Every structure is written in structure tokens, then in C-alpha cells.
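One letter stands for each residue in the lines below.
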Amino acid sequence: MRIFLGELNKNLYNKTIWFLLLSFLALSVFLFTQDAHSVTKLDTDLIASYSDMPVDEAIHLASNQRKVNDLLMALQNFRSIYEDVKLIEEAFKDYAISFYGDDVDITELLQMQDEVDMDRLATENAQLYYLISQLEYMESYHEFILSMDKRTENMLKSSLFNKEKSFALRNILKTQSDFEQMKTIKISIGNDVGVVTLSKFVYADILLIAFVFVLCYYIFSIEREQGLFKILKSTVNGRLPVILSKISILLLLTIVGFSVIYGSVIFMTNRLLGFGDLSRYIQSISNFRDCSIVLTVGEYLLYFLLIKLMVILLVALILALFFQLSKSSALIYLLMLGFTCVEYLFYILIHPASVLNLLKFINILSFFDTYGMFRIYNNVNLFGFPYGRVFLSLYL
């Protein structure tokens, strides 16, 4: 315990570590803010006004409103081009017929032309575009799920897939079984951008890896470079208690770093974009159409953070091993480079359906792609039997 407290005290008062963590915190907030400003957040009132409607009725109403907004903006553009009223009306009528057909009544729109707020209409149309996209996805989702049975039937007719006890056959049957439970879930519209933007934000992982590397350097390399490890070898208990204490400190500080960086990202997501209704199913978000696990948005976020934490702790242990095995900085860098290259080649070169896909998905880079883990449906070939990628990533 004395050794642990000594190591803890030594690293807690290391100003470089805390300065670096604060710098990474500021950088992650800055980078996430840039991402957040590039996406469109659905207005809460707009979601509420359409959420209780039947999907087809909501699509019809939203499409009509978007059409009206578009025509009003077009009318204002013609007014800025022409001064003659008749020319404005003729150009506007031609535009309306060209894009929306002969049944468009422009009389009422011409009466509204002096009340148009172009900025408001442009913002509302952008909102309606994303709303209609969500509604159309909702309309198609259950058709997609119901089509699974037909696709399974068609694939089993092929001799390539119906060989008894083959991975292909087992994979097809497992896929059908996994998506069977999706037939009963109810999806709904909502604010998607917070969840998706957070899930895609890779800079937090990059900053955490850099932070863990610096931690390993200060925890393991400094004493070796100063020749203190030779002294530790000659003590009664030798190096083991010291190494265990150092690894414990490394994991503890890694958790602190994770909490600071991902805590800031979660805070900024909630502040700038919001997460929407955490109780709706994650399949309500079109990016997660192929997710075969019944999860709410809130549950997905918990799994997302848990997996991210487990992966960065795994990286910390791997780096600690490299620092312990290597007596020189050059060898540490070579080991890191070699390990990264092998993992990267496995990840990009092995096809998801390959018999070697275990090497692709049980892989550090695959673990970091937590978003893809839930978004893309994949089964891993383990001795000829298909296992879900998420399941294996959590339990292997």
C-alpha cells in the first residue's frame, strides 16, 4: 500500500500530466463545437407537432408546408429580380408549374408576399427536410424488417448458402432470428443529431490514446532512464509490487482522463445538440436501421461509453506491456508501430464475410469503432458458428 500511495502521490503532482489533460479537454471541446455547428438540430416544437400523427399524414402535411415555403421564397427571389408586377407573376407561375404541376393555386401565395421572412422560411425548410427524411425512414423500416423472411427464403434456394452445418447457412438463419424481434418495436421521430455526432466524434479517442501514451512514459520510462529500476530489483520484494502499483495508477489516471474528455463531450452534446427522447428505440435513428439489438437511445449511450472505457483501458495495458518489455524508447516505438500496422491491415483488408473475420472484428481498431459496431450488422465466424460482433467484443 505504501508503494501504491507513493506512486499515486508522485503522479498526482506531475504538472505536465494535468496540463496535458486540460489542453486535451480544451481541444476536444473546440473540435466537437466545430462538428456540432455543421449539423441541423430538429426543433422540439416541430417534433411535438408531428409525433402523434399517422406517418403518411405527417409526410403529406410536412411536404405541403415545405412546398409552400419554397414557393414563397421563389416569389421573393422574382420580386428582387423584376420590378414589373406582371413579369413577377408570370415568372412565379412558370416556376410553380415547372416544379409542382398545374394544380398549384398561387393566388393566396401572391397575397402573402409582403409578409415573408426569408430567413425563417429557409430555416424551417431545412428542418422540414430532415423531418420528412425521418418520417420516410419510419415508413420504410418495417417493410425492411418484414422483407428479411423473403430474402432468407431466396438465399436458401441457392446451393452456395444452404450447405448443411456451414457458416453461411448458420449466419443466414441467425440473421433472420436476430431481426425477428424488430417486428414488434415502435420507432418514432426525434432529435437524432446529438447521438450521431457524438458517436462519430473520433477525436476524443485520439486524444485519449495520446494521453495514455504520455502517462505510460511518465509512469514507466522516467525511472528506467534515471536508473531507478536497478535499485528496485535489489529490494526484498523486487519489482512486482512496484509494477502492479504503476499499472494500478495508470488505469486509475486513464479512467480520470476518460471521464474528463468524454464527460466534456457529453456535456457539449447535451448543451449544443441534445439527445432527444432517451426512451425511444435506437432503431428510430436511420443510421441504426441494421442494429439487431433492442436498445433505447439511453441504453445505447451507456453501452457506447462502457465499451469506449474498456477499450482505452485495454490500450493502456498493451502500452504498459510494451514499456515493460522494452529497454529503449526506439524499441517501444517499433513495437507500437508494428502492432498498429498489423491491426490496421487486418481491419481494412479482411472482408466482413471472410472466414478470417474474427481477426477483423476482435481488433483494437474495431473496438474503437463502437458506432459501427452497433450501426452495422455483423456476425463473427468462430469455429464455423456465427456470433454477434457486439457480443464477442464485450465478452472476449
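A brief structural summary. (Residues numbered from 1 in each chain as written. Predicted model: local features only at pLDDT ≥ 70, side-chain atom pairs only at ≥ 80, totals over all residues. Heavy atoms only, no water.)

**A word on the overall build of the chain**
Worth spelling out the cut-off: Runs of E in the DSSP output that reach at least two residues are strands. Runs of H or I that reach at least four are helices, and both are numbered from the N terminus. The globule rule used for comparison is 2.2 Å times the number of residues to the exponent 0.38, while the radius of gyration itself is calculated over C-alpha atoms. Partly exposed residues are those whose accessible area sits between 20% and 50% of the maximum for their type, while under 20% is buried and over 50% is exposed, using a 1.4 Å probe and protein chains only.
For the chain, the helix and strand inventory stands at 18 helices and two strands. For the chain, the C-alpha radius of gyration of 28 Å lies well beyond 21 Å, the compact-globule estimate for 396 residues. In terms of its C-alpha atoms, the chain occupies a principal-axis envelope of roughly 100 × 60 × 35 Å. Taken over 396 residues, the chain has a buried fraction of 43%.

**Re the pattern of salt bridges**
For clarity, the cut-off: What makes a salt bridge here is a side-chain nitrogen of Lys or Arg within 4 Å of a carboxyl oxygen of Asp or Glu, nothing more.
Tallied over the entire structure, the rule returns eight salt bridges. With its nearest N and O atoms 2.9 Å apart, the salt bridge here joins R120 to E124. Here R120 pairs with E124, and both are found in helix 7 (residues 118-156), just four residues apart, close to one helical turn. Look at R120 and you get partly exposed, because its relative accessible area is 45%. With relative accessibility at 23%, the residue E124 sits in the partly exposed group. Between D192 and R280 there is a salt bridge, with its nearest N and O atoms 2.3 Å apart.

**Some remarks on unusual backbone geometry**
If you check the backbone angles, F383 has positive phi at about 55° while not being a glycine. Looking at the element boundaries, F383 is found in the loop between strand 1 (379-382) and strand 2 (385-388).

**Considering the packing of aromatic side chains**
For any pair of aromatic rings, geometry is given as the distance between the ring centres together with the angle between the planes. The line we're drawing: Pairing of aromatic rings covers Phe, Tyr and Trp, the last through its six-membered ring, and needs centres within 6.5 Å; plane angles under 30 degrees mean stacked, over 60 mean edge-to-face, and all others mean tilted. Any Lys NZ or Arg CZ found within 6 Å of a ring centre and within 35 degrees of that ring's normal is scored as a charge over the ring.
Summed over the entire model, instances satisfying the criterion amount to 21 aromatic pairs. The interplanar angle of 65° and the centroid separation of 4.9 Å between the aromatic rings of F288 and Y300 together place this pair among those described as edge-to-face. Within this pair, whereas F288 is found in the loop between helix 12 (240-272) and helix 13 (297-325), its partner Y300 is found in helix 13, the two being separated by 12 residues in sequence. With respect to burial, F288 and Y300 carry one shared label: buried. Where F288 meets Y371, the ring centres are 5.6 Å apart and the plane angle is 80°; that geometry is what we call edge-to-face. Here F288, found in the loop between helix 12 and helix 13, pairs with Y371, found in helix 17 (residues 370-375); they are 83 residues apart in sequence, far enough to count as distant. The ring centre of F385 lies 3.8 Å from the NZ or CZ of R170, which sits over that ring.

**Some words on the packing of helix 9 (residues 193-200) against helix 13**
Heads up, the rule is: Fitted lines through C-alpha atoms serve as axes, helices being fitted only where they are in contact, and the angles separating the N-to-C directions of these axes extend from 0 to 180 degrees. We call two directions roughly parallel when the angle between them is under 35 degrees, roughly antiparallel when it is over 145, roughly perpendicular when it lies between 65 and 115, and oblique otherwise. Helix crossings are classified by the rotation of the near helix relative to the far one: an anticlockwise turn of less than a right angle makes the crossing left-handed, while a clockwise turn makes it right-handed. Any two residues whose heavy atoms approach within 4.5 Å at even a single point are treated as in contact.
Running from N to C, helix 9 and helix 13 point in directions that differ by 15°, and their axes come no closer than 12 Å. Put simply, helix 9 runs roughly parallel to helix 13. Here the hand of the crossing between helix 9 and helix 13 comes out left-handed. Where helix 9 abuts helix 13, its residues V195, L198 and S199 lie against V297, Y300, L301 and F304.

**Focus on a nonpolar patch on the surface**
Keep this limit in mind: Patches here are clusters of residues that have more than 30% relative accessible area and form no salt bridge, with a 9 Å joining cutoff for like charges and a 5 Å cutoff for nonpolar side chains (Val, Leu, Ile, Met, Phe, Trp, Tyr). For the area figures, the Shrake-Rupley method with a 1.4 Å probe applies, and any residue is considered shielded solely by the protein chains shown.
On the surface, L321, L325, L331, L334 and L335 cluster together into a nonpolar patch covering about 460 Å² of accessible area. Broken down by secondary-structure element, the contributors of at least two residues to the nonpolar patch are helix 13 and helix 14 (329-349). At three residues, the largest contribution of residues to the nonpolar patch is made by helix 14. With respect to the helices and strands, L335 occurs in helix 14. Judged by relative accessible area, which is 30%, L335 ranks as partly exposed.

**With respect to the side chain of N381**
The condition is simple: Each polar contact in these results corresponds to two N or O atoms within 3.5 Å; when the atoms are within protein, one needs to be able to donate a hydrogen and the other to accept it, and residues that are neighboring in sequence are counted only if both atoms are side-chain atoms.
By secondary structure assignment, the location of N381 is in strand 1. Judged by relative accessible area, which is 10%, N381 ranks as buried. Separated by 2.9 Å, the side chain of N381 and the backbone nitrogen of G384 make a polar contact. Those residues within four positions of N381 in sequence are excluded, and the remaining contacts are F167, S354, V355, N357 and L358.

**Points about the packing of helix 13 against helix 14**
Where helix 13 contacts helix 14, the two axes come as close as 9 Å, and the packing angle between them is 140°. As judged from the angle between their axes, helix 13 and helix 14 are oblique. Note on packing geometry: the crossing formed by helix 13 with helix 14 is right-handed. Two secondary-structure elements touch here, helix 13 through I318, L319, F322 and F323 and helix 14 through I332, L335, M336 and F339.

**With respect to the pairing of strand 1**
Rule in force here: DSSP-based pairing: two strands are paired if at least 2 bridges between them are found.
By the alternation rule, side chains of strand 1 split into N379 and N381 and V380 and L382, which are all buried. With four bridges joining them, strand 1 and strand 2 adopt antiparallel strand pairing. Among the inter-strand pairings, L382 is bridged to a residue of strand 2, identified as F385.

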